[in-house]
Number of protein chains: 2
Amino acid sequence: MLRLNFKQMAKKITKRSENYSQWYLDVIEAADLADNSPVRGCMVIKPNGYAIWENIQSVLDKKFKDTGVKNAYFPLFIPQSFLTKEAEHIEGFAKECAVVTHHRLEMDEKGKLVPAGKLEEPLIVRPTSETIMYHMFSKWINSYRDLPLLLNQWANVVRWEMRTRPFLRTTEFLWQEGHTAHATKEEADARTMQMIDTYKEFAEGYLAIPVIAGKKSESEKFAGAEYTTTIESMMQDKKALQAGTSHMLGQNFSKPFEVKFLNQESKEDYVWQTSWGVSTRIIGAIIMVHSDDNGLVLPPKIAPIQVIIVPVWASDEEMVKVFEKAQEIADKLKEQGIRMEIDKRELRPGPKFFEWEKKGVPVRIEVGPKDIEKNSVVIARRDMGTKESVSENDIVMDVLKLLEDIQDNLFKRALEFRENNTHTIDSWDEFKNVIENEGGFISAHWCGSAECEAKIKEETKATIRCIPFDQKKENGECVHCNKPSEGRVIFAIAY
Amino acid sequence: MLRLNFKQMAKKITKRSENYSQWYLDVIEAADLADNSPVRGCMVIKPNGYAIWENIQSVLDKKFKDTGVKNAYFPLFIPQSFLTKEAEHIEGFAKECAVVTHHRLEMDEKGKLVPAGKLEEPLIVRPTSETIMYHMFSKWINSYRDLPLLLNQWANVVRWEMRTRPFLRTTEFLWQEGHTAHATKEEADARTMQMIDTYKEFAEGYLAIPVIAGKKSESEKFAGAEYTTTIESMMQDKKALQAGTSHMLGQNFSKPFEVKFLNQESKEDYVWQTSWGVSTRIIGAIIMVHSDDNGLVLPPKIAPIQVIIVPVWASDEEMVKVFEKAQEIADKLKEQGIRMEIDKRELRPGPKFFEWEKKGVPVRIEVGPKDIEKNSVVIARRDMGTKESVSENDIVMDVLKLLEDIQDNLFKRALEFRENNTHTIDSWDEFKNVIENEGGFISAHWCGSAECEAKIKEETKATIRCIPFDQKKENGECVHCNKPSEGRVIFAIAY
């Protein structure tokens, strides 16, 4: 049974315009998505938040399996020596990893419990699983007939973050990591693209989050990748959020891990690999793209509860009637696969409406005695805050249509917001001015040098979010150094 | 695409009668369920094994949700001080836990990578989550209106095992852990029973594993529980395997963690709690209860592939025909929700049959040119090793019926085996003799003393698996010490 937390009800959500960062935390608290834990940098994902993750998992998992990927599970711990086999990889993760050094606790002489049973080699809690997986791949792959190998793992990973924020950046987080091995570079390139396309379709089609897909610059790519592709989204504070990445690893891991195979000409070769992932971070993006000053707004396709039915009554006699009608409607909706609940609690309608609004349920149906008389119900939509009375006979079609409308509207609204806040800029002064005063995405020419990129970051905190796949060939001058450039890239300050 | 591993095909499975323990490992390898990892005591669950876990998850998850339970996610790490708050609990887990002591790696003076950034308080990788969860419960629960709180978590846990065995006992394993908090002892008692009943229904109804449900003795209960309930199953080597447990925690954790609430009389009280879990260990039970000398045998309800369709052809012309027919049949089966695949590989039928047999697919359909002429197909069942020719028109009904038959037959067979190997024993000499020479379950009187129980274990390695819920009141004498007893309990040597 759902219960009302009165303390939460009383708390007001900070306005976005007042303090965006506090608004984000308030929305999470008001919708009861997560809580801080006593473990530094780790959060607890509460049922309302976890249910969103379950829906994300179920959609993505099916998409992966449709492309031939199978799920597996690899150890949480990675021997320290494995991490160091790929130079850039250890460089990227050594500074922020949880190290297991002992395998029991025992009492010392003073009666204090202390770590004991020191391990010969420290174990690292996986920050990502390339190294442990590819060690296994080298045992499993012998011939071209064993390829492609297409695996995915749903797992927890740990990166010791210094500054954390629920969903966006936590020491432990949940994700999926896909890992594939191929006989040719072309196949690995194609798989890298296939997965970033899958993520784009998912973000836009299910989460209603418009994204720009593209390639990361050398400085921003994954530690150990040949190149990284990404989908980048814009939050309502106009900052960028990387919502998913797909890496072409080339033979960077297959060589140190000796993932070799006999090709069709019976010659030995190293496999070509990809890895790709989406994490609970994307829940942060859902919150920040769609929600408003009244709380969470969820796209219907991913909302754990799509429709909340609120019966309204005064007398016991009325209660029986409205409960019956509510159940009738619920049954009809359920038949159509709509995820719904009836809120039968003994509470006034006002607080109930308020609660479901904060929790982001896309559609609310009110059923009162007068509605029953008129053979109608009141339907309210969360995204617009509007209500209308509709005939009860049309309820199923109306709700299905409304859910679709809301889904479309959220996407359109977010796309418009992004377009309105994307600036095509050709001068360095303007660049600095926009970053400082307006924010948003900047589409600007870049010379391609890592040095120039670093200077831009140093001066403005803006980074290259991606070199869009749909980048137009256009001769221009680097916005920072004026050297020649062949096309625009997307700059922004990012989460 | 499924691929054939020729090396595996060549390897013979050890007979159960020759070496049961090696047979178990051979079955796992032949069915490609799991592999050893380079991390001490940790295994890799390969796609064929993980798919079984996914099916287990999907059935159990629905069962839990049907009883009002919601999923959430709590941190992997537990501050050392939390573990020590409940005395028996730390006693139970201190000797076998992974301890995180540092949060990065850095180069020492000799250029060697070493743990750095020492933590003020060590973190324990969760062996189970009572402590971290109940710390949070104390923040969330204030009044009787917040109760019951019914949560479950699907997660990995770590217990530093010295002797490991795939699925049965590994340092890291996957499980679900349900945790509930209630206003009264009665409610917590009822939930404890509800969950062990759920596990029993699941084990018997889906895994076709007959289980004896009962209470653990004091010595065998969970570290920190008031009492533990269990379902116990018999493997083909006649040893017992505990397949799931449900613990009534009383107020043992709510007191140290201060999980208090105001009851309906506005008086402060501590909540009553339960926790319950099933792990990947149960896959070990599935393997050991049903499989035979030819490899894995899976109950249809949990088999990732229920039906394998093997087209048989000689010429290209025949190939086109049999593929077409195979697809036709596949489409019909799929429509009925049957999980099936067509094996189109260019391999002779023999090796294909052999492979699917080892992998435990319950039903094989062979489609050859002659079958098409006769409008029939050959259906083989894995459990009995029999084949028959059936009319193609009846295929869907026949397969559905066959899957049901196999499911029933596996359960019946396992139940018969258990009954044939359960001995009602009243003398200590006979007890020792049966344990030493025959094995199996022993139903015997026990005086109820922990000392006597310990002596029995010392002398025979047999433990009390459970005091069955359906224990008959029967006056007798303890099989070991001859003191009075009111009923029989189940003894066995256990995994």
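These numbers were taken from a predicted model, which means no experiment stands behind them.

**Thoughts on the overall build of chain A**
Link 1 in the chain: When its secondary structure is counted, chain A shows 14 helices and 25 strands.
Link 2 in the chain: Relative to the 2.2 N^0.38 estimate, which gives 23 Å for 495 residues, the radius of gyration of chain A is 26 Å and therefore close to what a compact globule would have.
Link 3 in the chain: Along the first, second and third principal axes, the C-alpha atoms of chain A reach 80 × 65 × 55 Å.
Link 4 in the chain: For chain A, the residues scored as buried account for 51% of the 495 residues in total.

**Overview of the relation of the copies chain B and chain A**
Link 1 in the chain: Laying chain B over chain A is done by rotating through 180° and shifting 0.0 Å along the axis; what remains is an RMSD of 0.0 Å. Taken together, these values place the two copies in the relation of a two-fold axis. Taking C-alpha positions as the reference, the residue of chain B nearest the rotation axis is B:Val100, at 2.1 Å.
Link 2 in the chain: Of all interface residues in chain B, 100% are interface residues in chain A too; the two copies therefore contact each other through one and the same surface.

**Some details on the interface of chain B and chain A**
Link 1 in the chain: Residue-level contacts link 52 residues of chain B with 53 residues of chain A.
Link 2 in the chain: Here the side of chain B that touches chain A takes 8 residues from strand S5 (residues 99–107) of chain B, the largest share from any one element.
Link 3 in the chain: Looking at the side of chain B that touches chain A, its residues break down into 30 nonpolar, 10 polar and 12 charged.
Link 4 in the chain: Judged from the 3 bridges that link them, strand S5 (residues 99–107) of chain A and S5(B) form a sheet pairing that is antiparallel. Across the sheet, residue A:His102 finds its bridge partner in S5(B), namely B:Val99.

**Regarding the sheet that holds strand S6 (residues 113–125) of chain B**
Link 1 in the chain: Ordered in space as S4(A)-S6(A)-S5(A)-S5(B)-S6(B)-S4(B), the 6 strands form an open sheet in which the pairing is antiparallel. Pairing within the sheet leaves two strands with one partner each, and these edge strands are strand S4 (77–79) of chain A together with strand S4 (77–79) of chain B. Between one strand axis and the next, the sheet turns through 45° on average, direction left out of account.
Link 2 in the chain: Where S5(A) meets strand S6 (residues 113–125) of chain A, 7 bridges bridge the pair, whose relative direction is antiparallel. Each residue of the ladder has a partner; that of A:Leu105, found in S6(A), is A:Pro115.

**Considerations on the sheet that holds strand S11 (residues 240–250) of chain B**
To summarise the sheet geometry, strands pair through backbone hydrogen bonds and adopt either a parallel or an antiparallel arrangement.
All names here are of chain B.
Link 1 in the chain: Pairing in this open sheet of 11 strands is mixed, and the strands run S3-S7-S8-S14-S11-S10-S9-S22-S25-S21-S20 from one edge to the other. Across the chains shown, the open sheet's two edge strands, defined by having one partner strand only, are strand S3 (70–71) and strand S20 (422–424).
Link 2 in the chain: Where strand S10 (residues 227–234) meets S11, 8 bridges bridge the pair, whose relative direction is antiparallel. Note on S11: the bridge partner recorded for isoleucine 231 is glycine 244.
Link 3 in the chain: Against the sheet, helix H3 (residues 47–66) contacts strand S7 (149–158), strand S8 (172–182) and strand S14 (272–279), and its axis sits at roughly 5° relative to S8.

**Considering the confidence of the model for chain A**
Link 1 in the chain: Chain-level pLDDT for chain A is 96 on average; 98% of the residues reach the 70-or-more range.
Link 2 in the chain: If you check the scores for this complex, the pTM reads 0.96 and the ipTM reads 0.96.

**A closer look at the domain arrangement of chain A**
Link 1 in the chain: Taken as a whole, chain A is organised into domain 1 (20–290), domain 2 (307–405) and domain 3 (422–492).
Link 2 in the chain: Each of domain 2 of chain A and domain 3 of chain A has a C-alpha centre, and these two points are 49 Å apart.

**Some remarks on the pairing of strand S17 (residues 363–367) of chain B**
Each regular strand carries side chains that alternate between the two faces of the sheet.
Residue and element names in this part refer to chain B.
Link 1 in the chain: Judged by how many residues are buried, S17 sits mostly within the fold: 5 of 5 residues are covered.
Link 2 in the chain: Of the two faces of S17, the one holding Val363, Ile365 and Val367 and the one holding Arg364 and Glu366 are both buried throughout.
Link 3 in the chain: One ladder, built from 4 bridges, connects S17 with strand S18 (residues 376–381); its direction is antiparallel. Bridge pairing in S18 links glutamate 366 to valine 378.

**Describing helix H9 (residues 316–335) of chain B**
All names here are of chain B.
Link 1 in the chain: When the terminal C-alpha atoms of H9 are compared, their 29 Å separation across 20 residues agrees well with the 28 Å that a helix rising 1.5 Å per residue should span.
Link 2 in the chain: Among all positions in H9, only Val322, Lys325, Ala326, Ile329 and Leu333 are buried. The buried residues of H9 occupy an angular sector of 105° when the element is viewed end-on, so they sit on one face. Opposite the packed face of H9, turned more than 90 degrees from it, sit the exposed residues Asp316, Glu317, Val320, Asp331, Lys334 and Glu335.
Link 3 in the chain: Where H9 is buried, its residues contact strand S15 (307–311), strand S16 (340–342), S17, helix H11 (369–373), S18 and helix H12 (395–420).

**Points about the packing of helix H9 (residues 316–335) of chain A against helix H12 (residues 395–420) of chain A**
Residues and elements named next belong to chain A.
Link 1 in the chain: Relative to each other, H9 and H12 sit at 55°, their axes nearing to 10 Å. Between H9 and H12, the angle is such that the two are oblique. Read as a crossing pair, H9 and H12 show a hand that is right-handed. From H9, Ile329, Lys332 and Leu333 reach across to H12, where they touch Ile395, Val396 and Val399.
Link 2 in the chain: Within the contact of H9 with H12, the residues separate by chemical class into 5 nonpolar, no polar and 1 charged.

**Side note on the environment of B:Val125**
Link 1 in the chain: Among the structural elements, B:Val125 can be located in strand S6.
Link 2 in the chain: Spatially, the C-alpha atom of B:Val125 lies 50 Å from that of B:Met397, the residues being 272 residues apart in sequence.
Link 3 in the chain: Every residue in contact with B:Val125, bar those within four places of it in the chain, is listed here: A:Val100, B:Leu76, B:Phe77, B:Cys97, B:Ala98, B:Val100 and B:Val158.

**A look at the nonpolar core**
Link 1 in the chain: Ranked by size, the top nonpolar core spans 286 residues in total, and within it A:Ile209, A:Ile286, B:Ile209, B:Ile286 and B:Ile442 carry the most contacts.
Link 2 in the chain: If near-sequence neighbours (up to four positions away) are discounted, B:Ile286 is found in contact with B:Ile52, B:Leu207, B:Ile209, B:Leu298 and B:Ile302.

**A few points about unusual backbone geometry**
Residue and element names in this part refer to chain A.
Link 1 in the chain: Omega for the bond connecting leucine 147 with proline 148 falls within 30 degrees of zero, at -5°, which places this linkage in the cis form.
Link 2 in the chain: Of note, proline 148 is situated in the loop between helix H6 (130–140) and strand S7 (149–158).
Link 3 in the chain: The backbone of lysine 238 sits at a positive phi, close to 75°, despite the residue not being glycine.
Link 4 in the chain: Residue lysine 238 is classed as buried on the basis of its 20 C-beta neighbours within 10 Å.

**Section: the environment of B:Val399**
Residues and elements named next belong to chain B.
Link 1 in the chain: Mapping valine 399 onto the fold places it in helix H12.
Link 2 in the chain: The spatial distance from the C-alpha of valine 399 to the C-alpha of isoleucine 78 is 49 Å, given a sequence separation of 321 residues.
Link 3 in the chain: Not counting residues within four places of it along the chain, the set of residues in contact with valine 399 comprises Val307, Leu333, Ile338 and Val363.

**Looking at the pairing of strand S25 (residues 488–492) of chain A**
Residue and element names in this part refer to chain A.
Link 1 in the chain: Of all the 5 residues making up S25, 5 are buried; the element is thus mostly covered by neighbouring parts of the structure.
Link 2 in the chain: Residues Arg488, Ile490 and Ala492 point to one face of S25 and Val489 and Phe491 to the other, with burial holding for every one of them.
Link 3 in the chain: As judged from the 4 bridges shared by strand S21 (residues 441–445) and S25, these two strands associate in the antiparallel manner. The partner of alanine 444 across the bridge, within S25, is valine 489.
Link 4 in the chain: Sheet topology note: the strand S22 (residues 463–468)/S25 ladder contains 3 bridges and is antiparallel. Bridge pairing in S25 links cysteine 466 to isoleucine 490.

**Considering H6(A)**
Link 1 in the chain: Summarising burial for H6(A): 9 of the 11 residues are buried, a large majority.
Link 2 in the chain: For H6(A), the complete set of buried residues consists of A:Glu130, A:Thr131, A:Ile132, A:Met133, A:Tyr134, A:His135, A:Met136, A:Phe137 and A:Ser138.

Rules and cut-offs
- One numbering rule holds for all chains: residues counted from 1, following each sequence as written.
- Both sets of labels track the order of writing: A upward for chains, 1 upward for ligands.
- Confidence filtering applies because this is a predicted model: local features only for residues at pLDDT of at least 70, side-chain atom pairs given and counted only at 80 or more, and all residues used for totals across whole chains, interfaces and linings.
- Segments assigned H or I by DSSP are reported as helices when at least four residues long, segments assigned E as strands when at least two residues long, and all are numbered from the N terminus.
- A radius of gyration in this sense is built from C-alpha atoms; the matching globule rule multiplies 2.2 Å by the number of residues raised to 0.38.
- We call a residue exposed when 12 or fewer other C-beta atoms sit within 10 Å of its C-beta, buried when the count reaches 20 or more, and partly exposed for counts in between; the C-beta positions come from the backbone.
- To superpose the copies, least squares is applied to the C-alpha atoms of every residue with a pLDDT of at least 70 in both.
- Here the contact rule is simple: place C-beta atoms from the backbone, and any two residues whose C-beta atoms are within 7 Å are in contact.
- The residue classification treats Ala, Val, Leu, Ile, Met, Phe, Trp, Tyr, Cys and Pro as nonpolar and Asp, Glu, Lys and Arg as charged. All others, Gly included, are polar.
- Strand pairing follows a simple DSSP-based rule, namely that at least 2 bridges must link the two strands.
- Angles here are taken between N-to-C directions and fall from 0 to 180 degrees, while the axes themselves are lines fitted to C-alpha atoms, restricted in helices to the stretch in contact.
- Each residue carries a pLDDT score, the predictor's own confidence in it, on a scale running from 0 to 100.
- Residue ranges labeled as domains rest on an automatic or database domain assignment.
- For a helix, the expected span equals 1.5 Å multiplied by the number of residues minus one.
- Relevant arc is that of directions from the helix axis to the C-beta atoms, nothing else.
- For this classification, under 35 degrees means roughly parallel, over 145 means roughly antiparallel, 65 to 115 means roughly perpendicular, and everything else is oblique.
- By definition, turning the near helix anticlockwise from the far helix through less than a right angle yields a left-handed crossing, and turning it clockwise yields a right-handed one.
- The term nonpolar core refers to a group of buried residues, namely Ala, Val, Leu, Ile, Met, Phe, Trp, Tyr and Cys, whose C-beta atoms join them within 7 Å.

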